[in-house]
Amino acid sequence: MKKKLKKLEKAAPELIPIEDFITPLKYSESNRVRSLPPLSPEESERRVLLMKKWCLFKQKQDEAEKKAIKALVESQQEALKELRLESEELYQAAIRRDEGLFPFERDGPSYTPPLPGYDPPEGKCVDITKVYTQ
């Protein structure tokens, strides 16, 4: 038995062909619609209550996140004030932007001068305004 287990462990796992993962077109027709059974009033009520609880949870989570961010920003501002009182040079170094933090590259001209003698097209406009006469 141990020999058979070792032999199975040594054997490479069989790969599943990709064709097995492709859904045949006859099953992906748009006219195939699954009919759902009607929900009982109790199930509908349970789902509504569950959705309300979920919304309340996400609201509290969002408020806690905003509160934490606000506290961090306030403590950062306080630390910068204290640093400015300690040393203006250190304060300027602390507020300087770090260009390497978020690298930004762009290609192409920053300014393209207009071509001399180029007459831009006016474009076509079809007036569909209704005119009423008396």
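This one's a predicted model, so the numbers in the text were calculated from it and none came from an experiment. (Residues numbered from 1 in each chain as written. Predicted model: local features only at pLDDT ≥ 70, side-chain atom pairs only at ≥ 80, totals over all residues. Heavy atoms only, no water.)

Here's the deal with the pattern of salt bridges
Then comes step 1: Summed over the entire model, instances satisfying the criterion amount to 4 salt bridges.
Then comes step 2: In this structure, Arg46 and Glu43 form a salt bridge, with 2.8 Å as the shortest nitrogen-oxygen distance. A residue pair is termed a helical-turn pair when its members lie 3 or 4 positions apart in one helix, as Arg46 and Glu43 do in helix H2 (residues 41-86) at 3 residues.
Then comes step 3: Here Glu43 ties to Arg47 by a salt bridge, and the two come within 3.0 Å at their closest N and O atoms. Here Arg47 and Glu43 lie together in helix H2, a separation of 4 residues that amounts to about one turn. (Salt bridge = Lys/Arg side-chain N within 4 Å of Asp/Glu carboxyl O. Helix = DSSP H or I, 4+ residues; strand = E, 2+ residues; numbered from the N terminus.)

Section: a nonpolar patch on the surface
Then comes step 1: There is a patch of nonpolar side chains on the surface, built from Met1, Leu5 and Leu8 and spanning about 400 Å² of accessible area.
Then comes step 2: Following the sequence through the fold, Leu5 ends up in helix H1 (residues 2-10).
Then comes step 3: Given a relative accessible area of 48%, Leu5 falls into the partly exposed group. (Patch = residues over 30% accessible without salt bridge, like charges linked within 9 Å, V, L, I, M, F, W, Y side chains within 5 Å. Areas by Shrake-Rupley, 256 points an atom, 1.4 Å probe, with all protein chains shown as cover. Buried < 20%, exposed > 50% of the residue type's maximum accessible area, 1.4 Å probe, protein only.)

Looking at the packing of aromatic side chains
Then comes step 1: In this structure the tally under the stated criterion is 1 aromatic pair.
Then comes step 2: Look at Trp54 and Phe57: their rings are 5.6 Å apart centre to centre, the planes differ by 35°, and that puts the pair in the tilted class. Pair noted here: Trp54 and Phe57 are both in helix H2, with a separation of 3 residues, about one helical turn.
Then comes step 3: Classification of Phe57 as partly exposed rests on a relative accessible area of 44%. (Phe/Tyr/Trp six-rings, centres within 6.5 Å; stacked < 30°, edge-to-face > 60°.)

Some details on a negative patch on the surface
Then comes step 1: The grouping of Glu74, Glu78, Glu82 and Glu86 at the surface amounts to a negative patch.
Then comes step 2: Mapped onto the fold, Glu82 is located in helix H2. (Lys, Arg positive; Asp, Glu negative; His and termini not counted. Charge placed at Lys NZ, Arg CZ, Asp CG, Glu CD.)

Regarding the confidence of the model for the protein
Segments scoring low in pLDDT should not have their predicted coordinates read at a detailed level.
Then comes step 1: Per-residue pLDDT for the protein has a mean of 85; in total, 90% of the residues score no lower than 70.
Then comes step 2: Averaged pLDDT values over the elements of the protein bottom out at 78 in H1 and peak at 97 in H2. (pLDDT = per-residue confidence, 0-100.)

Remarks on the UniProt feature "coiled-coil region" (unreviewed entry) in the protein
Then comes step 1: The feature "coiled-coil region" (unreviewed entry), as given by UniProt, occupies residues 66-93 in the numbering adopted here.
Then comes step 2: The distance separating the terminal C-alpha atoms of residues 66-93 is 28 Å; by composition the span is 96% helix and 0% strand. (UniProt positions renumbered as here; feature names shortened; annotations may be inferred.)

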